[in-house]
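Chain residues, written in single-letter form:
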Amino acid sequence: MTLLSLLFWLLAGGTLQVLMPAWRHMGQPSFPFVLGVVLYAAMAKKPRYFVAMALLGGILEDSLSLAPLGFSTCAFLVSGGLAVLLRADFFAHKATTVSVFGALCASVSTGVMAALLHARGLVTLTLGGTAWRMAGSAVLGAILVPVLFGLMRGLERRLGVGEEAA
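Some remarks on the packing of helix α3 (residues 47-63) against helix α4 (residues 71-86)
Working step 1: One way to put it is that α3 packs onto α4 with a least axis distance of 7 Å and a crossing angle of 145°. Relative to α4, α3 is oriented so that their crossing is right-handed. The segment α3 lies against α4, with Phe 50, Ala 54, Leu 55, Gly 57, Gly 58, Ile 59, Glu 61 and Asp 62 engaging Phe 71, Ser 72, Thr 73, Phe 76, Leu 77, Gly 80, Gly 81 and Val 84.
Working step 2: Of the residues in the contact of α3 with α4, the class split is eight nonpolar, six polar and two charged.

The structure is reproduced here in structure tokens:
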């Protein structure tokens, strides 16, 4: 049931991410709905769910965008891996902690994606443009990820599937 719940949120997040226009004021980062689901799996679930959500979320995001397949998966694994490493030191259900993790991981994910695309010669963003986009992603992650975590936890409580990380 936990896997089905996460898959539901992954599909809903992918749909919302495609429907929401990019935030043009800070380098046009997209709203990190899919990354939020990956972070939830990384911070509140067992590691096997995190890896599955990072792989499936990356394929979903790359399929819905112009990025080559596998680039978002790599970015999600790096940013979610950072969350897995740091989650033991923080209370993962506190809004301020989730907001900081959302900002940090959204920024890292955007940076990894930019580095991969730049190495492949697919984007020509300058270092300043990349930093501006990472800052925009951090702002969106800080606002969106706590709301998404609250919705996901609420659904889990209603369904009675409160499996915690081991």
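Next comes the rest of the account.
As for the state of the cysteines
Working step 1: Scanning the entire structure with this criterion turns up zero disulfides.
Working step 2: Not engaged in a disulfide, the cysteine Cys 74 finds its nearest cysteine sulfur in Cys 105; these two sulfurs lie 14 Å apart.

Remarks on the environment of Ser 72
Working step 1: Assignment of secondary structure puts Ser 72 in helix α4.
Working step 2: With a relative accessible area of 3%, Ser 72 lands in the buried category.
Working step 3: Measuring from C-alpha to C-alpha, the distance between Ser 72 and Asp 62 comes to 6.2 Å, with ten residues separating the pair along the chain.
Working step 4: Those residues in contact with Ser 72, other than ones at most four positions away along the chain, are Gly 58, Glu 61, Asp 62 and Met 113.

Quick word on helix α2 (residues 33-44)
Spacing of three or four residues puts side chains on the same side of an α-helix, whose turn is 3.6 residues.
Working step 1: Compared with an ideal rise of 1.5 Å per residue, which puts twelve residues at 16 Å, α2 spans 16 Å between its outermost C-alpha atoms and is within 8% of the ideal.
Working step 2: Taken residue by residue, α2 has Phe 33, Val 34, Leu 35, Gly 36, Val 37, Val 38, Leu 39, Tyr 40, Ala 41, Ala 42, Met 43 and Ala 44 as its buried positions.
Working step 3: On its buried face, α2 sits against α1 (2-19), α3, α4, α5 (95-119) and α6 (127-159).

Quick notes on the side chain of Arg 87
Working step 1: Within the secondary structure, Arg 87 sits in the loop between α4 and α5.
Working step 2: Classification of Arg 87 by relative accessible area gives buried; the value is 14%.
Working step 3: Polar side-chain contacts of Arg 87 include one of 2.9 Å to the backbone oxygen of Lys 45.

Considering the nonpolar core
Working step 1: Ranked by internal contacts, the top residues of the largest apolar core, which has 28 residues, are Leu 6, Val 37, Leu 39, Met 53, Ala 83, Phe 149 and Met 152.
Working step 2: Counting only elements with at least two residues in this core, the list comes to α1, α2, α3, α4, α5 and α6.
Working step 3: In terms of residues, this core owes the most to one element, α2, which gives ten residues.
Working step 4: Dropping the residues within four chain positions of it, Met 152 is found in contact with Leu 6, Trp 9, Val 37 and Tyr 40.

How each quantity is defined
- In this convention, every chain numbers its residues from 1, walking through the sequence in written order.
- Totals for whole chains, interfaces and linings use every residue, but because this is a predicted model, local features are given only for residues with pLDDT of at least 70 and side-chain atom pairs only at 80 or more, for both listing and counting.
- Excluding hydrogens and water, the side-chain figures rest on all heavy atoms present in the structure.
- Convention adopted: a line fitted to C-alpha atoms gives each axis, helices being fitted over their contacting stretch, and angles between N-to-C directions are expressed from 0 to 180 degrees.
- Going along the chain from the N terminus, every DSSP run of H or I of four or more residues is numbered as a helix, and every run of E of two or more is numbered as a strand.
- Left-handed describes a crossing whose near helix is turned anticlockwise from the far helix through less than a right angle; right-handed describes the clockwise counterpart.
- What makes two residues a contact is simply this: any of their non-hydrogen atoms within 4.5 Å.
- For this classification, Asp, Glu, Lys and Arg are treated as charged, while Ala, Val, Leu, Ile, Met, Phe, Trp, Tyr, Cys and Pro are nonpolar and the rest, including Gly, are polar.
- Cysteine sulfur atoms that pair up within 2.5 Å are treated as a disulfide.
- Here the term buried applies to any residue with accessible area under 20% of the maximum for its type, exposed to any over 50%, and partly exposed to those in between, with areas from a 1.4 Å probe on protein chains only.
- A helix is expected to span 1.5 Å multiplied by its residue count minus one.
- We call two N or O atoms a polar contact when they sit within 3.5 Å, provided that within protein one can donate a hydrogen and the other can accept it, with sequence-adjacent residues counted only if both atoms are side-chain atoms.
- The definition of a nonpolar core used throughout is a set of buried Ala, Val, Leu, Ile, Met, Phe, Trp, Tyr and Cys residues joined through side-chain atoms within 4.5 Å.

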